[in-house]
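Close look at the chain arrangement
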Amino acid sequence: MNDDTPNWEFTERDVTILRELSADPHRSSRELADILEAEYDIDVSHVTVSESIRKMRDEGVFREAIIPNEALFNFALFEFKFNPEHFADSWHDAMVSIRDDRHTLFYFLSDGEYQWKSVMMFPSRTAESRWIHDFYKEHGEVVLNVRNSVVHNVLKFRTDPEMYTELDGETTLEP
């Protein structure tokens, strides 16, 4: 389902820019150019930094999203268990319904008994219950069970800059 794997060869500069943006996504290209020179001995103009960021964004190396503060919405993890009897005829419509729903923040496939999972957000628990009710009415034939868990006390919600140290000049992402 994911045909948008970026075709990208990482340079030391790319990895460093990603690390620094991850540490503070609000840094300007001028600030990043200054940091690259002062802390990493990488001499590059802010225009080049800006162009590198744009190219990586356009290629899909990283994604940007606006995520509301967790105090504004109720977040929940939804897990969908299939009914094999009707799966072949109905799976696609149910999948698209979840994926494209305005409440879906993050949707993914996994292994195990509950193979579709999504992180969803709702303005209230009542709205969440209504969504489940409506989903069963519309797609109940393909789903044997929807397991939902309340997500509360979010303790971390960011990418650590150090993750990018695992990408080096030898790493190439391609389909």
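Data block above holds the structure.
The shown structure was predicted, so the numbers you read here are calculated from the model rather than taken from an experiment. (Residues numbered from 1 in each chain as written. Predicted model: local features only at pLDDT ≥ 70, side-chain atom pairs only at ≥ 80, totals over all residues. Heavy atoms only, no water.)

Regarding the packing of helix H1 (residues 12–23) against helix H2 (residues 29–40)
Two quantities define a packed helix pair, namely the angle between the helix axes and the distance between the axes. This is how the line gets drawn: Lines fitted to C-alpha atoms define the axes here, with helix axes fitted over just the stretch in contact, and angles between the N-to-C directions of these axes take values from 0 to 180 degrees. Counting from the N terminus, the helices are DSSP H or I runs at least four residues long and the strands are E runs at least two residues long. Convention used here: angles under 35 degrees read as roughly parallel, angles over 145 as roughly antiparallel, angles from 65 to 115 as roughly perpendicular, and any remaining angle as oblique. For any helix crossing, the convention is left-handed if the near helix is rotated counterclockwise from the far helix by under a right angle, and right-handed if that rotation is clockwise. We call two residues in contact when some of their heavy atoms are within 4.5 Å.
At a minimum axis separation of 11 Å, H1 and H2 run at an interaxial angle of 115°. Regarding the angle of H1 to H2, the classification is roughly perpendicular. Crossing hand, H1 versus H2: right-handed. Contacts between H1 and H2 involve Arg-13, Thr-16, Ile-17, Arg-19, Glu-20 and Leu-21 from the former and Leu-32, Ile-35, Leu-36, Glu-39 and Tyr-40 from the latter.

Focus: unusual backbone geometry
Put simply, the rule reads: Between buried and exposed lies partly exposed: a residue is buried under 20% and exposed over 50% of the maximum accessible area for its type, with that area taken using a 1.4 Å probe on protein chains only.
Not every positive phi belongs to a glycine, and Asp-41 is a case in point at roughly 55°. Within the secondary structure, Asp-41 is located in the loop between H2 and helix H3 (46–59). The exposure class of Asp-41 is exposed, given its relative accessible area of 71%.

Observations regarding H2
Selection rule: The length a helix should cover is 1.5 Å for every residue beyond the first. What the arc measures is the spread of directions leading from the helix axis to the C-beta atoms.
Taking 1.5 Å per residue as the helical rise, H2 with its 12 residues ought to reach 16 Å, and the 15 Å between its terminal C-alpha atoms agrees with that figure. Taken as a whole, H2 has its buried residues at Ser-29, Leu-32, Ala-33, Ile-35 and Leu-36. End-on view of H2: buried residues confined to an arc of 160°, all on one side of the axis. Residues Arg-30, Asp-34, Ala-38 and Glu-39 are exposed on H2 and point more than 90 degrees away from its buried face. Against H1 and H3 lie the buried residues of H2.

Focus: the sheet that holds strand S4 (residues 114–122)
As a reminder, the rule being used: We call two strands paired when DSSP finds no fewer than two bridges between them.
Pairing in this open sheet of 4 strands is antiparallel, and the strands run S3-S4-S2-S5 from one edge to the other. Because the sheet does not close on itself, it has two edges, and the strands there are strand S3 (104–109) and strand S5 (143–151). Neighbouring strand axes in the sheet, compared pairwise and without regard to direction, differ in orientation by 15° on average. As defined by bridge partners, strand S2 (residues 74–82) adjoins S4 across 8 bridges and the pair is classed as antiparallel. Bridge pairing links Leu-77 to Val-119 in S4. Along the sheet, helix H4 (residues 84–100) contacts S2, S3 and S4; its crossing angle with S4, the most-contacted strand, is approximately 30°.

Some thoughts on the pairing of S4
Here S4 lies mainly inside the structure; 8 of its 9 residues are buried. With 5 bridges connecting them, S3 and S4 associate as antiparallel partners. Among the inter-strand pairings, Phe-108 is bridged to a residue of S4, identified as Lys-117. If you look at the hairpin formed by S3 and S4, you'll find 4 residues sitting between the two strands, and Gly-112 has a positive phi there, around 95°.

Description of the packing of H2 against H3
What counts, and what does not: Under the scheme applied here, ten amino acids are nonpolar (Ala, Val, Leu, Ile, Met, Phe, Trp, Tyr, Cys and Pro), four are charged (Asp, Glu, Lys and Arg), and all others, including Gly, are polar.
Where H2 contacts H3, the two axes come as close as 8 Å, and the packing angle between them is 110°. Looking at the two axes, H2 sits roughly perpendicular to H3. Contact with H2, carried on its side by Ser-29, Arg-30, Leu-32, Ala-33 and Leu-36, involves His-46, Val-49, Ser-50 and Ile-53 of H3 and no other residues of that element. Residues of the contact of H2 with H3, tallied by class, amount to 5 nonpolar, 3 polar and 1 charged.

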